[in-house]
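# Coordinate inspection notes
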Amino acid sequence: MTAKAKSELTPTGKLRVGVNLGNFLLVSKDPATGELRGVVPDLAQELARRLGAAVELVSYPGAGQVADAAAAGAWDVGFIGAEPARAAEIAFTLAYLEIPATYLVPSGSPIRTIAEVDRPGVRIAVAARSAYDLYLSRSLKHAQLVRAEGLPASFDLFVAEKLEVLAGLLPRLTADVTRLAGARILDGRFTAVQQAIGTPKARSAAAAYLSEFVADIKASGLVARLIERHGVKGVNVAP
C-alpha cells in the first residue's frame, strides 16, 4: 500500500465507512447493544486492520443516502451497490458479492414471467434509489415505477395500493411471499445487484488499493466464509 492510498483512505486518522442499514442481508443492528454486525462490518474491520487504523461505521437508512454523502466527504469507504448513476461521485471496485433481484406478483396475477412485467398499465412498487430502482429506471419502457422509502415501505405500498408487481431482492421477496396468500415470485431475475466498495471519486490511490483489496478477499475465500458465518441466504460471491 502506498502512503498516498493510506492518507486518502484515512484522512481523519481513522477509516470512516458508509454503511447501508437498508441492506438487511449484509448488516444488522444488535437490538440490545446497537452494535452493527454482518458481512459489511466484518469486511470494514478487515480493511481497517490492514490499514492499521481504527474504524468508524457511519450508518444511513438506505443506499441513496450513502451515495449522497459521498460528495460531502462524510465517509472514506462506502459499501454500496455499484450503479452508473452513482459513478459520477464514487469510484467503485468490482463487485465482491451479488444479490439477485426479481419480482413478486399477487394472487390471481396474469403475469407469469419477468418479460411480461414491462407493459403499459403495470405498476411496480420499488424501494426508492435502491440499486435495482436505478436499474429499472433506465431499463423499463412501459411499466410505471411507484417508489417508497425503503424495503418495508415498498411492500406496504404494494399491498395498500393493490399494485401489480413488487420489485425486490430475492432473499427479501422469499420472506414477503409468505405474508400474502397466493402470491408468487417470478422465476429468474431482472438483474443482480453488484455489491461493491466505493470511495469518493477524486481519491485515485484509495480506489486502486480498494480494487486490490476486493480481488484478495474474493480469491482468499474471505467473502465466502463471511456469507457462511452470518448465514446469509440467496447471495453469492461475485465472479
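Residues numbered from 1 in each chain as written. Predicted model: local features only at pLDDT ≥ 70, side-chain atom pairs only at ≥ 80, totals over all residues. Heavy atoms only, no water.

### Considering the side chain of glutamate 98
Relative to the helices and strands, glutamate 98 is located in strand E7 (residues 97-105). The buried charged residue glutamate 98 lacks any salt bridge partner; its closest oppositely charged side chain belongs to arginine 189, at an N-O distance of 4.4 Å. At 3.1 Å, the side chain of glutamate 98 and the side chain of glutamine 194 are in polar contact. Excluding residues within four positions of it along the chain, glutamate 98 makes contact with Arg189, Ala192, Val193, Gln194, Val235, Asn236, Ala238 and Pro239. (Helix = DSSP H or I, 4+ residues; strand = E, 2+ residues; numbered from the N terminus. Buried < 20%, exposed > 50% of the residue type's maximum accessible area, 1.4 Å probe, protein only. Lys, Arg positive; Asp, Glu negative; His and termini not counted. Salt bridge = Lys/Arg side-chain N within 4 Å of Asp/Glu carboxyl O. Polar contact = N/O pair within 3.5 Å; in protein donor to acceptor, adjacent residues only side chain to side chain. Contact = heavy atoms within 4.5 Å.)

### A look at the packing of helix H2 (residues 39-51) against helix H8 (residues 222-229)
Relative orientation and spacing of two packed helices are given, respectively, by the angle between their axes and the distance between those axes. For the pair H2 and H8, the least separation of the axes is 10 Å and the interaxial angle reads 140°. In this view, H2 runs oblique relative to H8, as classed from their interaxial angle. Both H2 and H8 take part in a crossing whose hand is right-handed. Residue-level inspection shows Val39, Asp42, Leu43 and Glu46 of H2 in contact with H8, the latter providing Leu222, Leu226, Ile227 and Arg229. (Axes fitted to C-alpha atoms, helices over the stretch in contact; angles between N-to-C directions. Parallel < 35°, antiparallel > 145°, perpendicular 65-115°, else oblique. Left-handed = near helix turned anticlockwise from the far one by under 90°.)

### What about the packing of aromatic side chains?
Enumeration according to the criterion identifies 3 aromatic pairs in this entry. Seen in terms of ring centroids, tyrosine 135 and phenylalanine 190 are 6.1 Å apart; in terms of plane orientation they differ by 20°. Their pairing is stacked. Here tyrosine 135 is found in helix H4 (residues 131-139), whereas its partner phenylalanine 190 is found in the loop between strand E11 (184-185) and strand E12 (191-200), with 55 residues between them in sequence. The partly exposed category is assigned to tyrosine 135, whose relative accessible area is 23%. Over the face of the ring belonging to phenylalanine 155 we find arginine 179, whose NZ or CZ atom lies 3.9 Å from the ring centre. (Phe/Tyr/Trp six-rings, centres within 6.5 Å; stacked < 30°, edge-to-face > 60°. Lys NZ or Arg CZ within 6 Å of the ring centre and 35° of its normal.)

### Some details on the pairing of strand E9 (residues 144-148)
Of the strand pairs in this sheet, strand E8 (residues 123-127) and E9 are connected by 5 bridges, and their pairing is parallel. Looking at the pairing, isoleucine 124 lines up with leucine 145 of E9. Following the chain from E8 across H4 to the adjacent parallel E9, one finds a crossover that is right-handed. (Pairing = 2+ DSSP bridges. Right-handed = clockwise from strand over helix to strand, strands pointing away.)

In short, shape yes, function no, at least from these values alone.
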